[in-house]
Every structure is written in C-alpha cells, then in structure tokens.
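Observations on the three-dimensional arrangement
What follows is each chain in one-letter form.
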Amino acid sequence: MALRKICININGVDRMLICNPGQDSLADVLRRTGLTGTKLGCKTGQCGSCSVLLDGKVVRSCVRKIKDIPDYSKVVTIEGIGTPTNLHPLQQAWITYGGVQCGFCSPGFIMSAKGLLDKNPNPTREEVRHWFTIHRNACRCTGWKPLVDAVMAAAKVMRGEATMEDITFQTPADGRIYGTNVPRPAALAKVTGLCDFGDDIGLKMPDGTLHLALVQPGLSHAKIKGINFSEAEKMPGVVKVITAKDIKGTNRIMLPVTHPRSKADGFERPIIADTKVFRYGDVVAVVAADTEEHARAAAKKVKLDMEELPRYMSYLDAVAPGAMEIHEGIPNEYLRAPLFKGEDTREVLAKSPYVVEGSFYSTSQPHLVIEPDVTQAYIDEAGNVCIHNKTLATVFPLLTLAPGLGLPDGKIRVIENPTGASFGYSISPASSALAAACTLALDAPVTLTMSYAEHQAFSGKRAAHYSNARMGCDKEGKITGFEFDFAYDHGAYTEMADILASKAIRFAGFSYNIPNVRALARVGFSNQTYGTAYRSYGNSQAYTMSEQMVDMLAEKAGTDPFEFRYKNLARPGDLNINSYPFKEYPFVTLMDKLKPLYEEAKARAKAEDTPEKRRGVGIAFGGYNVTGGPNDHGEVALELNEDGTVTNYNTWEDQGQGGDVGTLVLTHESLRPLHLDYTQIKLVQNDTAQCPQTGPAGANRSHYIAGNAIRDAAKKLLDAMRKADGTYRTYAEMVAEGIPTKYLGVCDTTDITKDLDPNTGIGDPTPEYNYAVFFAEVEVDTAIGKTKILSMKMIYDIGAIGSQQAVEGQAYGALTHSMGFALSEKYIDNKDYNSLIKCGFLYADDIPDDIYLESVPSPRKTAPFGSVGCCEGFQSAGHVAVLNAIYNAAGVRIYDLPASPDKVKAALEAKALGKELKPDKYFLGSDLFEALDEIAENPVSAAGPTMAL
Ligand code: FES
Ligand code: FES
C-alpha cells in the first residue's frame, strides 16, 4: 500500500497527516485525527452529516477523496468554530431553537449553515431551505423548521442585530422550567461535535477490539446448505468467522408472542441464521478482524451454498393458496384478533342508506435515520456481557437473549450510546444479540458499524398493511356501522406481532361514535423484512384505512368532510370501538379550533385552483394510547448528593425525543419545594447496571411512566428530607440521622387498565390517550401528478406540556415523516432500497415552512402534572390528511401508498376516461365473517401478563 504525506490546515493549524490516497476520504482523515465531530451517516453523499468547509466551500467530506485535496487546503470542522465555553452563534441557536434532537446531523448542518452565512449573511427562509437541499443536509428528527429558525436567529447575531444573550435560554425569575424551552442537557456536546455516537465510540475502543463485518447472502428465502470460510479466514487481519455453530445457546431471540390466538410463540428468530434465511438482510456469518476494512474484505470471500425457496414478498403472496410455510410448523397467517361491538354489521349496513367500501394498502415505511446501526459488545469488569448500541429498550436484551446466547440469567448489561435517532426500530434486540454472540465466541471486545445499506437491510420497518372495509351512515349522516378486515404484513419474524394486532382493532375509527363494528386484525409472515416499532406503531396503518373511509362516506352522504366528522365525533357518554368510554372527549373542541383555519384554507384553495395546479384541503383525526397498557411498569431512583444536588437514575432511553430533558423537567418540577436550580439535577441514564429499569421508550410511555415514577420517588425523598417545621434536611443531616438518601419511584398501570378480551376485542387497555386533528393544504400538478404540500396544521391534546421545545420538536418531525409516508417513502426488501434517496426521503425544499401547531390541553387524571407525552399521536394520521387533500384537489383517491407522481398521474388519466383506479378487494386468508364466526365458536382464555406497547 503506497501512502501519502499531506499537509492540511485544519481549524487554523497546519497539520501533517499520513493517509492512504487510494482509500481515504477527507472524513476518514479528519476522524482519525480525533475530529469526530464530523459524523458519518450514509457515506454516500446523501445526508450531509459529514459537511465541513473546504477552502470556504461546504463539502460532504465522506465523498471527497483525500487524493483530490491539494496540500495546504483549509478545512474548518465543527470543532473549529466554537467550544462549549465559547459557542458560535449557530451552535447557540441550534440549542435554543430546537435544532438538536438526536443531534447526529447537527455538526454537519451547522457547518453547512456557516458556509451559507459566510456567503449570504441575510438569507430568506426559502434560501436557507434551498441551501440545505442542494447540500443534501438531511435531518430526520426536526422537520426542518427549527433548523431554519436557528439559522435566522444566528444570522441576526452575526449581523450585529441581536446578542448571544438574546438567543440563549434565560431561566424564568421563579426558577421554574416546566413547560419552557429549557435546553436539552445533551445539546451542548452535540452542537460542538464532542458527543461520541456509536461509530465514534468504536473508533476509540482499546487495542484488541475486533471489528465485525456481516455476511448477508441477499436472498429473501433460501436454505443454507453450506458456508465455506476457509479463504476468508486466511485474509489479512482476520481472527475468526463466526457462524451459528459458534453460539452456545439455542441461537434464538426469545421475544414471546403471548396473544392466546397466536399460532406463533415468538421464538422463531435465530441470532445468526442457521438453517434458512427468511429475508434479504439476514446474516449467516460475521467476520471478525483487526480493522473494519479487513473484516469487510474477508466477508466478501465467504462462500455460500444456498438453495433458493419460493419468495413471498408480500402478505398477500404468503397467504395465497398453495404457499409454503415460511417458518415450518407455523401458518403464514398466524394471528387473528377480532372485534365485535354492537349488532352484526352485515345487517346494519344492509339497512343503511349510504355505504362505502374500499381496499387500502400502506407500504413498509423505512425509519430513515441518519446514523446507521452501530453496536459494541465486551465483557465488563463484573463478568457481564455488556452491549452498547442505539437501543430504545435496554430491558429487551436482558429479557430475551440469555438462553439464545447460552448465558445464565443476569449476565447481560445494556448501555444506550448517544443515538442518531431510531423512531422505533432499535427496540429490536437483534443487533445486540449479534454483537453479544460475537464477543462471546471471540472472547474479545467487538464493534460493528453497519454501512447504511446493511443497516437498511438488517433493521425492521413499519409493517405494511392490506385492508378491506365497509362503512355506512344513516340519512342524517350518522355512522351506523363499520366493518373491516385488516392484515399486517409482518415480514420474516414475529417481533411484537401481538401488540401490533391490537392497534387496528383499537384505532381504526378512533375518535368517532360508531355503534356497530365487526373487525378482524390479522398478522402474517412474508419474506419482507420484519415489522418493528415505528412512531405511531400500528396506528398510522389503521388510520390510512379508516380516515379515508370517513371522507368517502361523507362524500357519499353529500356532506362536507369537516361537518361529517363533527357530527360523528364522540361526545361524553359515547363509547370507543372497544365499548369503553374515552378518557376525555376533546374531539369537538379540537375541531372547533380547526374550523376557522379550515374555512380560510378551503376558500383559498378554491380561489387559487387552476386546471394545471389543483388545490385542495384534507382533514384526518388521529391519536394514540399512552403506555403499554396492562401490566406496564417502570422505576426511577432519585438520590440526594453530598453537594445538595439530586441525581436521577433511569432508563428513559433518549432517541432524540428528549429522554434527558423530559427527566430534567419532571424531576425539577417534582422537587420544587427544594428550590433547586435546574443545573443541580444530575442525570445517570440508560445503563442497566446503574439504573433501575424504566422500560422501553415507546408507546408514549416514557413521559407517563417515568414521570409518575419520578413523582413517586420525589415524594419519598421529600418526605424523608422534611423536618417537623416543614424545612428540609441537608445531605449531612440525613446521613447524621441515618436516613437513606436514595429512593425508588414506581409507576404501574395494572389496576387502571383492562386488556382486550381476545374473543371480543372489548377492553380498556390504556390509562390515557393523546389526540390530534391534522389538516393539509396541497397542490397537485396535473401534468406530472406531483403533489406539493403547501401547509400542514395540527391541533392536539396531550394535556400539559413539560418541555415546549421537545414537544414541538416531536410535532415537526412526526409531521415530516407523515408527509413522506403519504407521498414518497417506501421500502421493499431488496438491494434497491438501500439509501435515503432510494427510499423516498424528502429534503427541506419538499416540506412546507408553513406548519402550524396548537395545543389544546384538557385535564388528565392519572398523568404526571397532567401531561401524557406526545410523539406517537403526532405521527398517527397526518399522511391521511394529505391523501384526503389530494382527493379534494384533484378528485382522485390513492388507495395504496405512497401517492407518488406516477400513481397520481395514472389516477388522473383514468379519471379523464371516466374510470377510477381502485384495488380489488384483497384476499387476506379467509372470508372476514367466516373467520369471525370461527372465533366466536372457539373462545380462548385471556392472555397472560404481557407488556404491550
Ligand atoms: Fe457524508 Fe452522509 S453525506 S456521511
Ligand atoms: Fe437531525 Fe436527528 S436531529 S437527524
């Protein structure tokens, strides 16, 4: 290998560097010098997280080869523009204006913005958005608006029109931070590039750490007949090729499916594929070597003898007559969850004057995080297998991996690394299992950085769905009945399939008073990647169907969709589709708030509509449960420290949503009698050896469960500290009196929820809900079928707001995901869907700046300070508002997502010929009513305790 000496001026200092000109990128070289503020996401020029200034110009350093960089070029990185004690205005603005969620993209964005402001000190918002678009700066968390806000605010300071103080959070006079924009504790490290994410940690591991590379055959369904790694093991630096044979346990991930109607137990997934591969991204071997490059080179030399089997690339293929069982002994359709409410809908709908029917499909939605999956594993000082990665459920590896790895219980420790977002997929213990198996097989520390393509193929996605539905109303436009047959395409593995099944039969038709329902949620295997958690898990699929059906029925009944909804929204006394009262009835209030905005936008759409550019508006109602429901449980500990500060120990995993700031505001508020400054609250989070188990960061549960547990712990601590005269003991006084200084707080939902009856679907499995109504204005270009979203509005009820910045951040981000889900995002499990762009990622120019949010809080009985958390509900139905707006604009309904230009154009062309492009009724495995009759005749006993999400 011929190396080259190069001198580059980095952050004002000439540095002499030795590099490999045939291989190194500028990013590689910078990162080797320790400047890991330059992050590597996609490594293909699509995300901008590696952006730096090269001779004053913004470049993506991952695709800028070092050989093309002349000596004495000037490079500026995030470390060169400000420090934690002397921030650049852009860094400060990023903290203050919500530019940091996960923060993985922040250094790249800040450098890109600096490049813009150096050139144009007074840009418009549109110019900022366009700059980020052309420089391919991608953020999946923030929805762009806060980033533009931050640039505009920083620009003012840089022009001398505002001061740093003006753009810095100021603590209110009373010291109270609850409900404010108090910055995230982790933000400072992220904007200065000093936060080590997974790959940075991998780069800084001690000598002796082995690098892993995956062997993925890239076949969707095949038998493994042989693996020959003799050549691979002779490659430079290779220590071992690990296969399933090296795993001492059962080689299974034991994530049980507990629904009593499930024909799968949840134990079918191997840690490393042993007999078959079930999807494109399955791993059959892992190469361990001294460097990542060596491991990857050797992985290419592993020879596989595979026998391809029939591929079932959708649920429909897998349940078609004659399909083979993907997992032997388990039918491809393995779970049916019914819902019976009121009278038989066949009779009800036969008597209803207006009835509509439709069949719907929503795609497997990719999470499109910017940081791909990274995991480390090693044996810690206590002899535990210690796993570091992006997990949002530190508890899952503890509960699901020991038998598979051949470990006794209690020998696994999990630590969440700073995480470049997840939105749900990292709930899976699969990459934890893989790294743990390798560290055990090698008896050495390991680090695994997946490429973006490997990450895409390996991780789960939002399950696709297929549904058939009928809905009817009476002459007055009141809904009489709703029946639907709903199938989740859960792909290769069952991971939490029982939890998913419950979503359709709880949330299709949510928010309306529907007296009669017959429904079935089915879940089945296919050779797609597996379905996993994603913000608004299971619900966004359900709303895809039900909120379009509501619009269709409104039209059939000759009523405006707003008025139709208004008439049918649940009022106090009405029951939800599971025959229980809603927790609150904010629906009409939310619609009342929307009314003037709706009327104004409708008039605008009418005025600005042209045959070439059709304008329209659309509404959809959404919402989500709060907590995992029955048996949900979480713990938090608070400890009074010697210096008077208080430490909160918990596993409220921070995926960028704000587990840190949520903990901070709830703890500070709970301890208000102590008059602590908020900087006196310390956080120790997401290490299972140090923290009590708070449970996964999913299902809107963290804020509720951790919040109530914090309140409980705070009460216990305050009770212990309180003296007879009402003042509080110091740490020294506590110790002197022998009073413990650390208290465990608990939250448990067992007594306040009731699981769904598996025979009827009747139940009340959540202590709270959040609610939102979404409203989109769109323009459809009839020549090319392209939809532009002009504005998006969301009026919501999540109760009180603990952190304004975190809540609004979730809202902007979630709405952006919904817009992508509506228009462009898609994942098919093959080599083509390996990048942000190929999966339909929308950049800043595609997302409107006009996003309106309004909180209308109603009181909550059981939530901490009346606040229930927000994120799942925020992504529940915005996409359907867009679909309904497309129909309103152009008169074409898109039944299968995404509403890409080709589909909209085809629908417009069909419409011009007097036809409607509409899917035929799907065959989902059996007739709906035959399946329901069979369930009615074969009752099962209720499921055992499980933690639903
Ligand atoms: Fe360089 Fe994505 S553009 S890492
Ligand atoms: Fe931008 Fe997470 S904050 S990707």
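Everything that follows concerns the structure shown earlier in this document.
Residues numbered from 1 in each chain as written. Chains lettered and ligands numbered in written order. Predicted model: local features only at pLDDT ≥ 70, side-chain atom pairs only at ≥ 80, totals over all residues. Heavy atoms only, no water.

Quick look at unusual backbone geometry
Between leucine 897 and the following residue, proline 898, the backbone shows a cis peptide bond with an omega angle of -10 degrees. With respect to the element layout, proline 898 can be found in the loop between α25 (878-890) and α26 (901-912). Positive phi outside glycine occurs at methionine 496, with the angle close to 60 degrees. Note that methionine 496 resides in the loop between β21 (479-489) and α16 (497-507). Even without a glycine there, the phi angle at asparagine 700 is positive, about 50 degrees. (Helix = DSSP H or I, 4+ residues; strand = E, 2+ residues; numbered from the N terminus.)

Describing the nonpolar core
Trp94, Phe132, Phe484, Leu594 and Leu671 are the most contacted members of the largest nonpolar core, which has 258 residues in total. Those residues within four positions of phenylalanine 132 in sequence are excluded, and the remaining contacts are Trp94, Phe109, Ser112, Ala113, Asn137, Leu147, Val151 and Ala844. Among the nonpolar cores identified, the runner-up in size contains 19 residues, and Leu219, Ala273, Val287 and Val302 belong to it. (Core = buried A, V, L, I, M, F, W, Y, C linked by side-chain atoms within 4.5 Å. Buried < 20%, exposed > 50% of the residue type's maximum accessible area, 1.4 Å probe, protein only. Contact = heavy atoms within 4.5 Å.)

Section: the layout of surface pockets
Put simply, the second largest pocket is a space of about 770 Å³. Forming the walls of the second largest pocket are 33 residues, and the residues nearest its centre are Arg184, Pro185, Ala186, Ala187 and Asp660. Counting only elements with at least two residues in the lining of the second largest pocket, the list comes to α2 (89-96), α6 (187-191), β18 (412-416), α20 (659-670) and β26 (681-685). In terms of residues, the lining of the second largest pocket owes the most to one element, β26, which gives five residues. (1 Å grid on protein atoms, 1.4 Å probe; cavity = no way out; pocket = protein on both sides within 12 Å on 5 of 7 lines; lining within 4 Å. Points joined across faces, edges and corners; volume = space filled by probe spheres on them.)

Let's talk about a nonpolar patch on the surface
Judged by side-chain polarity, Met1, Leu3 and Ile18 come together as a nonpolar surface patch covering roughly 400 Å² of accessible area. Assignment of secondary structure puts methionine 1 in the segment before β1 (4-10). Since its relative accessible area comes to 80%, methionine 1 is described here as exposed. (Patch = residues over 30% accessible without salt bridge, like charges linked within 9 Å, V, L, I, M, F, W, Y side chains within 5 Å. Areas by Shrake-Rupley, 256 points an atom, 1.4 Å probe, with all protein chains shown as cover. Salt bridge = Lys/Arg side-chain N within 4 Å of Asp/Glu carboxyl O.)

A few points about the sheet that holds β1
Sheet architecture is open: five strands sit in the order β2-β1-β5-β3-β4, paired in mixed fashion. Every interior strand has two partners, whereas the edge strands, β2 (13-19) and β4 (57-60), have only one. The mean angle between the axes of side-by-side strands here comes to 40 degrees, regardless of whether they run parallel or antiparallel. Where β1 lies against strand β5 (residues 74-76), two bridges are found, and the strand directions are parallel. By the bridge assignment for β5, asparagine 9 is matched with lysine 74. Against the sheet, helix α3 (residues 106-119) engages β3 (51-54), β4 and β5, with an angle of about 35 degrees to β3. (Pairing = 2+ DSSP bridges. Axes fitted to C-alpha atoms, helices over the stretch in contact; angles between N-to-C directions.)

A short note on α3
Look at α3: 20 Å from first C-alpha to last across 14 residues, which is about the 20 Å you get at 1.5 Å a residue. When you tally the buried positions in α3, you get 12 out of 14 residues, the bulk of the element. Regarding α3, the residues found buried are Ser106, Pro107, Gly108, Phe109, Ile110, Met111, Ser112, Ala113, Lys114, Gly115, Leu116 and Leu117. (Expected span 1.5 Å × (residues − 1).)

Digging into the pattern of salt bridges
Evaluated as defined, the whole model comprises 54 salt bridges. Here lysine 39 makes a salt bridge to aspartate 200, at a shortest N to O gap of 2.6 Å. A residue pair is termed long-range when its members are at least 10 positions apart, and lysine 39 in the loop between α1 (26-32) and β3 and aspartate 200 in helix α7 (residues 198-203) qualify at 161 residues. Each member of the pair lysine 39 and aspartate 200 is classed as buried.

Quick look at the sheet that holds strand β28 (residues 768-781)
Spatially, four strands are ordered β23-β28-β29-β30 in an open sheet, and the strand pairing comes out mixed. The sheet is open, and its two edges are formed by β23 (613-626) and β30 (851-855), each paired on a single side. If you compare each strand with its neighbour and ignore which way they point, the axes differ by 15 degrees on average. Sheet analysis places β23 next to β28, joined by 14 bridges and oriented antiparallel. Of the residues in β28, the one forming a bridge with arginine 614 is valine 780.

Description of the environment of threonine 192
Relative to the helices and strands, threonine 192 is located in the loop between α6 and α7. Once the C-alpha coordinates of threonine 192 and glutamine 170 are considered, the two residues, 22 residues apart in sequence, prove to be 20 Å apart. Here threonine 192 is in contact with Ile78, Glu79, Thr83, Pro84, Leu87 and Gln91, once residues within four sequence places are set aside. A polar contact of 2.7 Å, which involves the side chain of threonine 192, links it to the backbone oxygen of leucine 188. (Polar contact = N/O pair within 3.5 Å; in protein donor to acceptor, adjacent residues only side chain to side chain.)

Observations concerning the pairing of strand β17 (residues 385-389)
When you tally the buried positions in β17, you get five out of five residues, the bulk of the element. With burial as the criterion, each face of β17 is covered, one bearing Val385, Ile387 and Asn389 and the other bearing Cys386 and His388. In the sheet, strand β16 (residues 374-379) pairs with β17 via four bridges, with the strands oriented antiparallel. Bridge pairing in β17 links alanine 377 to isoleucine 387. The hairpin formed by β16 and β17 contains five residues between the paired strands, and glycine 383 there has a positive phi angle of roughly 85 degrees. Pairing of β17 with β18, which is carried by five bridges, proceeds in the parallel orientation. Considered in β18, the bridge of histidine 388 is made with isoleucine 415.

Some remarks on the packing of α20 against helix α21 (residues 701-721)
Running from N to C, α20 and α21 cross one another at 30 degrees; their axes reach a closest spacing of 9 Å. The way α20 lies across α21 gives a crossing that is right-handed. For the pair formed by α20 and α21, the contact residues are Thr663, Leu666, Thr667 and Ser670 on the first element and His703, Gly707, Ile710, Arg711, Ala714 and Leu718 on the second. (Left-handed = near helix turned anticlockwise from the far one by under 90°.)

Examining the environment of arginine 136
Among the structural elements, arginine 136 can be located in the loop between α4 (125-134) and α5 (145-158). On the basis of relative accessibility, which here comes to 28%, the residue arginine 136 falls in the partly exposed class. Aside from chain neighbours lying at most four places away, what touches arginine 136 is Gly45, Gln46, Cys47, Gly48, Arg60, Ile837 and Tyr843.

Overview of the packing of α4 against α5
Viewed as axis vectors pointing N to C, α4 and α5 meet at an angle of 115 degrees, and their least axial separation amounts to 10 Å. In the crossing of α4 with α5, the sense of the turn from one axis to the other is right-handed. Between α4 and α5, the residues in contact are Arg125, Val128, Arg129 and Phe132 and Lys145, Leu147, Val148, Asp149, Val151 and Met152, respectively.

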